[in-house]
Every structure is written in C-alpha cells, then in structure tokens.
Amino acid sequence: MDRRRFLAGTAAIVVLPLDRARATPEAMAAAIKKVVGDAVVREGRVTLDLPPLIENGNTVPLLVSVESPMTEADHVRAIHVFNEKNPQPNVFVARLGPRNGRAMVGTRIKLGDSQKIVAIAETSTGQFWSASADVIVTLAACLEEST
Amino acid sequence: MANVLVNAPKTARRGQAVEIKALILHPMETGFRPGADGRILPRNIIELFTATWNGVEVFRIELSPAIAVNPFVSFFAVATESGTIGLRWSGDEGFLVEEQVAIAVE
C-alpha cells in the first residue's frame, strides 16, 4: 500500500464514527410539525440568546424571550426549543400563562455538535412565532463518561 | 434540601414580575453515552420542573436529556400576594425534590 492510498483509507475510518444515530434537520422538522401542526410559523417576536461560538458544549446558557403583553386575553402559552444534531430533537417545553408577567425562560443546555437551534412560541391566540440561531461548538457534549 | 439553590426576591411590589432562578444538583444522564465499561449508561434525567405560588401552578417546564448537568431554570412570575413559592423537580428513578421560599408582597 502506498502512502497516498494509506492516507485516503485513514480518512475514511475517521469519518465513520460520526455516523451514529442522531437527530437530523428532518427529525427537527418532524418534531416541530408535531407541535405546530398545519399552522403557519412566523419569524419574529421571539429572541433566542445563546453564544454563537461555544467552547464547551456540555453547558451552554440559553435564554428565550417573547414579546407579549402576557394578559389573560393575549399571552404566550408555551415556548418550545428544538435542536437538529443532538441525539433527540427536543430540548424543552415551557408552559406559561398570564401569571408569568414576562415570557422569558432561561436554562443551560448540552450541544453535541455545531448546529441550528430553534425556539417557537405558541400564543393563546393560536399564533406561532419563532427564532433560530446557528451555533459553532468546538468541544461536543457528552460523548463518553467523564472519569 | 441542600442540593438546591434558589434565587428569588424576598419582597416584591404587588403586580411586579419577579425573576426566579433555580438550580439543582443532578447528573442528567442522557441514556446515549457509554460508560467506562462500554455499556450505555441508563437514562436518568429530571423530566419536569414546576413552580407554584401559594399552591397555584404558575410555571412548568418539561426537560429533555439535552438539558445540562445540574439543571438551571429561570423564569418570571407576577407577585400577586405574600406567601410561598413552591418548586418541584421530578424525574427518572423516582426522583422528587421539593423546595419552598417565602416572599412578602406589598
């Protein structure tokens, strides 16, 4: 085996482990469809804050806020967050109401790869609003047990 | 319960939306990772966190394995009357922790 062929072979081996089971953009689209059904999802009103460049995917701060009066008549009923490359497409679902006063939810998430994150807000008037963010992850979360 | 950290104001004006932050120690094992012996570690996560204000539910969040170890959640609630904010975490393997903080509303 010459050097060139050997190098080509090792490149193929390196690529293989990335093929493990994961959510895909299609799986994310399916998860979103399950929530919104046939309703139209419009961009806007939602702000999705997370760092664009993430050194450590194990704990990534994420903050979602939605413009809403949060009154009995017009409030955010739920905030859904999805990802496209973790093992599962769902991140969280927060249930809100007029008792919250402000539609803002923060947490910390794990990210297994560079990917797109989508937040969708469902209002009491039956509307869906969304925001998305593309993030670059240099150290992926949770590949194996820490020792 | 010592494994919980809650940050909420002790006093608030009536009608004000106050921010409540809660952190709990928990491994949030995803169920997708191999352990030291090569076998997949069983899933062990907190699935649900709820908050009540004097017994009335005001916030609920359903978590997934994508939530980081030692889950942190922040949210807002309107200060309606003095009393207690109840926080409850539940999940796999019968996990259940409850915590209460007092708040005075003027």
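Residues numbered from 1 in each chain as written. Chains lettered and ligands numbered in written order. Predicted model: local features only at pLDDT ≥ 70, side-chain atom pairs only at ≥ 80, totals over all residues. Heavy atoms only, no water.

## Considerations on the overall build of chain A
Within chain A, the regular secondary structure consists of two helices and nine strands. Start at the N end of chain A and walk to the C end: the helices and strands fall as α-α-β-β-β-β-β-β-β-β-β. For chain A, the proportion of its 147 residues judged to be buried stands at 41%. As displayed, chain A offers around 8,100 Å² of accessible surface, 55% of which is attributable to carbon and sulfur atoms. (Helix = DSSP H or I, 4+ residues; strand = E, 2+ residues; numbered from the N terminus. Buried < 20%, exposed > 50% of the residue type's maximum accessible area, 1.4 Å probe, protein only. Areas by Shrake-Rupley, 256 points an atom, 1.4 Å probe, with all protein chains shown as cover.)

## Digging into the confidence of the model for chain B
Looking at chain B as a whole, its pLDDT mean stands at 94, while 98% of the residues score no less than 70. For this predicted complex, the interface confidence reaches an ipTM of 0.92, while the overall pTM sits at 0.86. (pLDDT = per-residue confidence, 0-100.)

## Quick word on the nonpolar core
A:I79, A:F92 and B:F59 are the most contacted members of the largest nonpolar core, which totals 58 residues. Considering every element that reaches this core, the biggest residue donor is strand β9 (residues 128-137) of chain A, with five residues. Not counting the four nearest positions on each side in its chain, B:F59 is found in contact with A:A94, A:R95, A:L96, A:N100, A:V105, B:F49, B:T50, B:A51, B:V73 and B:F75. Core analysis: the second largest hydrophobic core is formed by eight residues, A:I32, A:F82, A:V118 and A:I120 among them. (Core = buried A, V, L, I, M, F, W, Y, C linked by side-chain atoms within 4.5 Å. Contact = heavy atoms within 4.5 Å.)

## Remarks on the packing of aromatic side chains
Applying the stated criterion across every chain, the model contains four aromatic pairs over all chains. Residues B:F59 and B:F75 carry aromatic rings whose centres are separated by 4.3 Å and whose planes lie at 0° to one another, so their mutual orientation is stacked. Taken together, the residues span a long stretch of sequence, with B:F59 in strand β5 (residues 56-63) and B:F75 in strand β6 (residues 72-78) at a distance of 16 residues. For the pair B:F59 and B:F75, one class covers both residues: buried. Through successive ring pairs, a cluster of aromatic residues spans B:F49, B:F59, B:F75 and B:W89. If you follow A:R102 out to its NZ or CZ, it ends over the ring of B:F76, 4.4 Å from the centre. In this structure, A:R108 is placed above the aromatic ring of B:F72, and the distance from its NZ or CZ to the ring centre is 4.5 Å. (Phe/Tyr/Trp six-rings, centres within 6.5 Å; stacked < 30°, edge-to-face > 60°. Lys NZ or Arg CZ within 6 Å of the ring centre and 35° of its normal.)

## Describing the interface of chain B and chain A
Taken together, the 32 residues of chain B in the interface contact 30 residues of chain A. At the boundary of chain B with chain A, total buried surface from both sides reaches about 2,600 Å², with 54% on carbon and sulfur atoms. Taken as a group, B:R33, B:A66 and B:F76 account for 22% of the area that chain B buries against chain A, more than any other trio of residues on that side. In this structure, the connection of chain B to chain A is made through one salt bridge. Linking A:R95 and B:E62 is a salt bridge whose minimum nitrogen-to-oxygen distance equals 3.1 Å. Here chain B is connected to chain A by 16 residue pairs in polar contact (both at pLDDT 80 or more). (Buried area = accessible area lost by both parts, 1.4 Å probe. Salt bridge = Lys/Arg side-chain N within 4 Å of Asp/Glu carboxyl O. Polar contact = N/O pair within 3.5 Å; in protein donor to acceptor, adjacent residues only side chain to side chain.)

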